[in-house]
Amino acid sequence: MSLPFLRSAVVQLAAYQPHVESEADPSSALVAPVRLDPLDTNECPYDLPEAYKEKLAWLLHHDIAANRYPDGGHGPLKAAIAQYVNEAIPADSPIGPDYISVGNGSDELIRSVLIATCVGGEGAVLVAAPTFSMYSILARTLGIPVVSVGRSEKTFEVDLAAAEAAIAQPQGLPVRVVFMVHPNSPTGNALTAAELAWLEQLPPEVLVVVDEAYFEFSQQTTLAAVLDRPNWVVMRTFSKAFRLAAYRVGYTVAQPALTQALEKVRLPYNLPSLTQAAAQLALTHRQELLAVVPEIQQQRRELADAIAQHTPLHLWPSDANFLYGRPPVPPGQSTEAELERWFYRLRAQGTLVRHTGGGLRITIGTPAENQRTLAHMQGI
Ligand SMILES: *Cc1c(COP(=O)(O)O)cnc(C)c1O
């Protein structure tokens, strides 16, 4: 149906597809199994412990008035986040709550960054593909041009010469924001010293956003850069290591002037009361919740070794809670067709992975799930 009042950018946009489960399976002989291991969205494989769910249920019943708006200032949550991020910085608690903005998932914060910088024909964003797709999806919904540069096929390092040229000689609007994931999704590589040095020398009119969604797994952070650079934002989420994907909480760390700009453009009551309570509870009990991170890192090493030993999939090193690989392509076959074959064969056996960026991204699950991942790969 034609809806002539819609913006053409919205009509042309393909919506983000969290799971491709519902798509028709091209090999109809393969019947989907009853249970699928959900290894396609990089969540922690462990749910919040029962005692904390009970605590949240208690808060919902006795503490949170349903008729009242949530705290739109997020004061206690920002203070708890500031305390947590300071643990990764070797100075004395330099980051206060005025450095923190919280969003309904990092996705909302990405949109706030775009609204605060590029909307209205003021600028373009730069990404290095393959990377997290939400930057360009959200940019396009807002009519913001996306400049995409490539990465090395061998190491997935950013093509810095192309990125430099895109900033120095813009083809259209000037680049106002560079989005980098550290470590990158789907490829798993952390920013190198050369990439960090390039980001650090960018001029003050370019905002650097470093998305550290996988920080707890990589233990690598650029937080120190926030302290001396007004054009630097670190973005994090509670959706991965903190086990709260269902609750939708992300945060940014940036100098107070930039944080105030992000706060101005967000919705006033963006985080439900229960979500704020869940994030605070997770931070209070972070030692216990994050205690599974070393197990997941160990599982990542073991699964990577086993896949390398027992399957033809070519894997890259990963600093996150997922692996990225590409199968060998038989002569006469296309890469995409071979990737589709692997994706559907894995799914038919019960392992759901993500086919993205010209490869397969496989979340590290529980030890039992990882064993099944290996067995299902061997079954191809
Ligand atoms: C998972 C992920 C996020 C998290 O997004 P939320 O909206 O907070 O759930 C952000 N950035 C990247 C690169 C991710 O992989």
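A. Highlighting the packing of helix α2 (residues 50-62) against helix α11 (residues 273-284). At a minimum axis distance of 10 Å, the contact between α2 and α11 shows a crossing angle of 145 degrees. α11 is crossed by α2, and the crossing has right-handed handedness. Between α2 and α11, the residues in contact are Tyr-52, Lys-55, Leu-56, Leu-59 and Leu-60 and Leu-274, Ala-277, Ala-278 and Leu-281, respectively.

B. The arrangement of the environment of Leu-290 in detail. Structurally, Leu-290 can be placed in the loop between α12 (286-289) and α13 (293-310). With 98 residues separating them along the chain, Leu-290 and Thr-192 place their C-alpha atoms 25 Å apart. With near-sequence residues (within four places) excluded, Leu-290 lies in contact with Tyr-84, Glu-216, Ala-241 and Phe-242.

C. Layout of helix α5 (residues 134-141). When you tally the buried positions in α5, you get seven out of eight residues, the bulk of the element. Where α5 is concerned, the buried positions are Met-134, Tyr-135, Ser-136, Ile-137, Leu-138, Ala-139 and Thr-141. Summarising the contacts, the buried residues of α5 are in contact with α4 (105-117), β3 (124-128), β4 (146-149), β5 (175-181) and β6 (207-211). One or two positions beyond α5, positive phi appears at Gly-143, with a value near 75 degrees.

D. Representation of the packing of α13 against helix α15 (residues 367-378) in the model. Running from N to C, α13 and α15 cross one another at 15 degrees; their axes reach a closest spacing of 10 Å. Taken together, α13 and α15 sit at an angle that is classed as roughly parallel. When the axes of α13 and α15 are compared, the crossing they make is right-handed. Contact with α13, carried on its side by Glu-295, Gln-299, Leu-303, Ala-306, Ile-307 and His-310, involves Pro-367, Asn-370, Thr-373, Leu-374, Met-377 and Gln-378 of α15 and no other residues of that element.

E. Molecular detail of the environment of Ser-318. Tracing the chain through its elements places Ser-318 in the loop between β9 (314-316) and β10 (322-326). The class for Ser-318 is buried, based on a relative accessible area of 12%. With 104 residues separating them along the chain, Ser-318 and Tyr-214 place their C-alpha atoms 11 Å apart. Sequence-distant contacts of Ser-318, that is, excluding residues within four places in its chain, are made with Gly-188, Arg-300 and Leu-323. A distance of 3.0 Å separates the side chain of Ser-318 from the backbone nitrogen of Ala-320, its partner in a polar contact.

F. Quick peek at the pattern of salt bridges. Counted by the stated rule, this structure contains eleven salt bridges. Between Glu-87 and Arg-286 there is a salt bridge, and its shortest N-O distance comes to 2.3 Å. Taken together, the residues Glu-87 in the loop between α3 (75-86) and β2 (100-103) and Arg-286 in helix α12 connect sequence positions 199 residues apart. Look at Glu-87 and you get exposed, because its relative accessible area is 52%. Residues Arg-266 and Glu-263 are paired through a salt bridge, measuring 3.1 Å at the closest nitrogen-oxygen approach. Several salt bridges converge on common partners, so that one network encompasses Arg-35, Asp-37 and Arg-372.

G. Up close: the sheet that holds β6. Taken in spatial order, the seven strands of this open sheet run β2-β8-β7-β6-β5-β3-β4, and their pairing is mixed. Edge strands, defined here as strands with exactly one partner in the open sheet, are β2 and β4. Strand-to-strand twist of the sheet, defined as the mean angle between neighbouring strand axes without regard to direction, takes the value 20 degrees. Judged from the four bridges that link them, β2 and strand β8 (residues 250-253) form a sheet pairing that is antiparallel. The partner of Ile-100 across the bridge, within β8, is Val-253. Running over the sheet, α5 touches β3, β4, β5 and β6 and is turned about 155 degrees from β4.

H. Local environment of the pairing of β5. Most of β5 is tucked away, with six of its seven residues classed as buried. As paired strands, β3 and β5 are joined by three bridges and run parallel to one another. Each bridged residue has a counterpart across the sheet, and for Ala-124 the counterpart in β5 is Val-175. Both β5 and β6 contribute to a ladder of five bridges, which runs parallel. Note on β6: the bridge partner recorded for Phe-179 is Val-209. Once the chain exits β5 it traverses helix α7 (residues 193-200) before rejoining the sheet at β6, and the crossover so formed is right-handed.

I. Region of interest: a nonpolar patch on the surface. Among the surface-exposed residues, Met-1, Leu-3, Phe-5, Leu-6, Val-10 and Val-11 lie close enough to one another that they form a single nonpolar patch of about 670 Å² accessible area. Positionally, Met-1 belongs in the segment before α1 (8-12). On the basis of relative accessible area, Met-1 is assigned to the exposed category, the value being 94%.

J. Just the site of the ligand, in detail. Surrounding the ligand, one finds Gly-105, Ser-106, Asp-107, Phe-132, Val-181, Asp-211, Ala-213, Tyr-214, Thr-237, Ser-239, Lys-240 and Arg-248. Contact between the ligand and Asp-211: a nitrogen atom at 2.7 Å from a side-chain N or O atom of the residue. Thr-237 places a side-chain nitrogen or oxygen 2.6 Å from an oxygen atom of the ligand. Here the ligand has 390 Å² of accessible area as a free molecule, and 93% of this is covered by the chains. With three residues, the single largest contributor to the shell around the ligand is α4.

What counts and how
Residues numbered from 1 in each chain as written. Predicted model: local features only at pLDDT ≥ 70, side-chain atom pairs only at ≥ 80, totals over all residues. Heavy atoms only, no water. Axes fitted to C-alpha atoms, helices over the stretch in contact; angles between N-to-C directions. Helix = DSSP H or I, 4+ residues; strand = E, 2+ residues; numbered from the N terminus. Left-handed = near helix turned anticlockwise from the far one by under 90°. Contact = heavy atoms within 4.5 Å. Buried < 20%, exposed > 50% of the residue type's maximum accessible area, 1.4 Å probe, protein only. Parallel < 35°, antiparallel > 145°, perpendicular 65-115°, else oblique. Polar contact = N/O pair within 3.5 Å; in protein donor to acceptor, adjacent residues only side chain to side chain. Salt bridge = Lys/Arg side-chain N within 4 Å of Asp/Glu carboxyl O. Pairing = 2+ DSSP bridges. Right-handed = clockwise from strand over helix to strand, strands pointing away. Patch = residues over 30% accessible without salt bridge, like charges linked within 9 Å, V, L, I, M, F, W, Y side chains within 5 Å. Areas by Shrake-Rupley, 256 points an atom, 1.4 Å probe, with all protein chains shown as cover. Near = heavy atom within 4 Å.

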